[in-house]
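# Breakdown of the fold
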Amino acid sequence: MTTTAPGIRKATRATAPERRRGGVMSSTGLCLATGVATFLFLVPFYLLIRNALSTDAEITGEHWKFFPTDLQWGNVGALFDDTSVPFARSLLNSTVVAVLHTAGVLLLCSLAGYALARIPYRHANKVFYAVLGTLMVPTAVTFVPSFVLVSSLGWVDTYRGLIIPGLFSGFTCFLFRQYFLGFPKELEEAARVDGLGYWGAYWRVVVPNSLNFFAAIATITFINGWNAFLWPLVIGQDPSAWTVQVALSSYMTNQTVVFHQIFMATAISILPLLFVFLFLQRWLVQGIAQTGIKG
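Below, the structure is looked at part by part. (Residues numbered from 1 in each chain as written. Predicted model: local features only at pLDDT ≥ 70, side-chain atom pairs only at ≥ 80, totals over all residues. Heavy atoms only, no water.)

Summed over all chains, the structure comprises 18 aromatic pairs. Summarising the aromatic geometry, the rings of F41 and F45 are spaced 5.4 Å apart at their centres and angled 50° between planes, so their arrangement reads as tilted. In this pair, F41 and F45 are both assigned in helix α1 (residues 4-52), four residues apart and thus about one turn of the helix distant. F41 sits in the exposed class, given a relative accessible area of 53%. The class for F45 is partly exposed, based on a relative accessible area of 39%. On the numbers, 4.4 Å between centres and 5° between planes, the contact of Y179 with F213 is stacked. Taken together, the residues Y179 in helix α8 (residues 170-181) and F213 in helix α11 (residues 211-227) connect sequence positions 34 residues apart. Each member of the pair Y179 and F213 is classed as buried. Ring pairs connect the aromatic residues Y114, F176, Y179, F180, F183, W199, Y202, W203, F213 and F214, which therefore count as one cluster. In this structure, R177 packs its charged tip against the face of F128, placed 3.8 Å from the ring centre. (Phe/Tyr/Trp six-rings, centres within 6.5 Å; stacked < 30°, edge-to-face > 60°. Helix = DSSP H or I, 4+ residues; strand = E, 2+ residues; numbered from the N terminus. Buried < 20%, exposed > 50% of the residue type's maximum accessible area, 1.4 Å probe, protein only. Lys NZ or Arg CZ within 6 Å of the ring centre and 35° of its normal.)

Printed below as a string of structure tokens:
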């Protein structure tokens, strides 16, 4: 016993520097990997800004420059002065569509999810399974019937046609239901003691205490609404009804490809997404952790 303990202590003293060196190497490797990943992530943004402020000759030329000699800030004005593509109007259309689409999805899907999670109804599970069943139907199957319905209602080239068909999402409803199942019932019971019904408890208790989750769903929904392309392409047939994604596609045709306008328009079109993400990123991370599918 007396001879073993010093040996153990000696071995421990000998391995401590090795552990420190291992920790330093591990931290160095982690920092290196993070730096490489950050560089690879930022390269596309660098190319986007670089080409947006260049001429077509500098973009496609043989002699590559890290940054153009003369920054072409006039590309911004030329983009909005181009009468063939109403880019400013497309930005407005995308903003209106994305905001109203997000608000509608949050309202309808949260109400549906809350009802499925809290209101006792013998067919609630059947309704929930029916909602889940819609997730198994490919979008291509419902695309043509949806267009025929919207066209018969006269909603082509209107905000109604762009927004209303996508106001309900089965997956978002599922997320809200899973979240509300884990919401503390004690808060709702206290609200009912005060005389509130399901609507009052939802609006005055549940929503104010679920802002993180709502912000997370709002961010994801807004990004999806802003980036939508196929449905706005079919519904927005007139240039005045184009969204920004449809306007971007118009710069690349079979006859011409205007490179600097494509890059400048793309750089401007991602700014709203960047602002939304930076503003809501704290709530986005917290809300994703509360979705009920944390793994």
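More follows now that the structure is in view.
It is worth spelling out the layout of surface pockets at this point. Put simply, the largest pocket is a space of about 1200 Å³. For the largest pocket, the lining is made up of 34 residues, of which T139, P165, G166, F168 and S169 are closest to its centre. The leading source of residues in the lining of the largest pocket is α11, at five residues. The residue inventory of the lining of the largest pocket, partitioned by class, reads 21 nonpolar, 13 polar and no charged. Roughly 340 Å³ of volume is contained in the second largest pocket. Residue assignment for the lining of the second largest pocket shows that the elements contributing at least two residues are α1, α14 (259-269) and α15 (271-288). Taken together, the residues of the lining of the second largest pocket break down into 13 nonpolar, no polar and no charged. (1 Å grid on protein atoms, 1.4 Å probe; cavity = no way out; pocket = protein on both sides within 12 Å on 5 of 7 lines; lining within 4 Å. Points joined across faces, edges and corners; volume = space filled by probe spheres on them. Nonpolar A, V, L, I, M, F, W, Y, C, P; charged D, E, K, R; others polar.)

Here we come to the nonpolar core. Membership of the largest hydrophobic core comes to 25 residues, with the highest contact counts inside it found for F176, F180 and F214. Filtering out sequence-adjacent residues up to four positions away, F176 remains in contact with L106, C109, S110, G113, F213, F214 and I217. (Core = buried A, V, L, I, M, F, W, Y, C linked by side-chain atoms within 4.5 Å. Contact = heavy atoms within 4.5 Å.)

Another point: the packing of helix α5 (residues 124-134) against α8. Two elements in contact, α5 and α8, have axes whose closest approach is 8 Å; the angle formed by their N-to-C orientations is 140°. Classified by the angle their axes make, α5 and α8 are oblique. The way α5 lies across α8 gives a crossing that is left-handed. Of the residues in α8, those in contact with N125, F128, V131, L132 and T134 of α5 are G170, C173, F174, R177 and Q178. Residues belonging to the contact of α5 with α8 are distributed by class as follows: five nonpolar, four polar and one charged. (Axes fitted to C-alpha atoms, helices over the stretch in contact; angles between N-to-C directions. Parallel < 35°, antiparallel > 145°, perpendicular 65-115°, else oblique. Left-handed = near helix turned anticlockwise from the far one by under 90°.)

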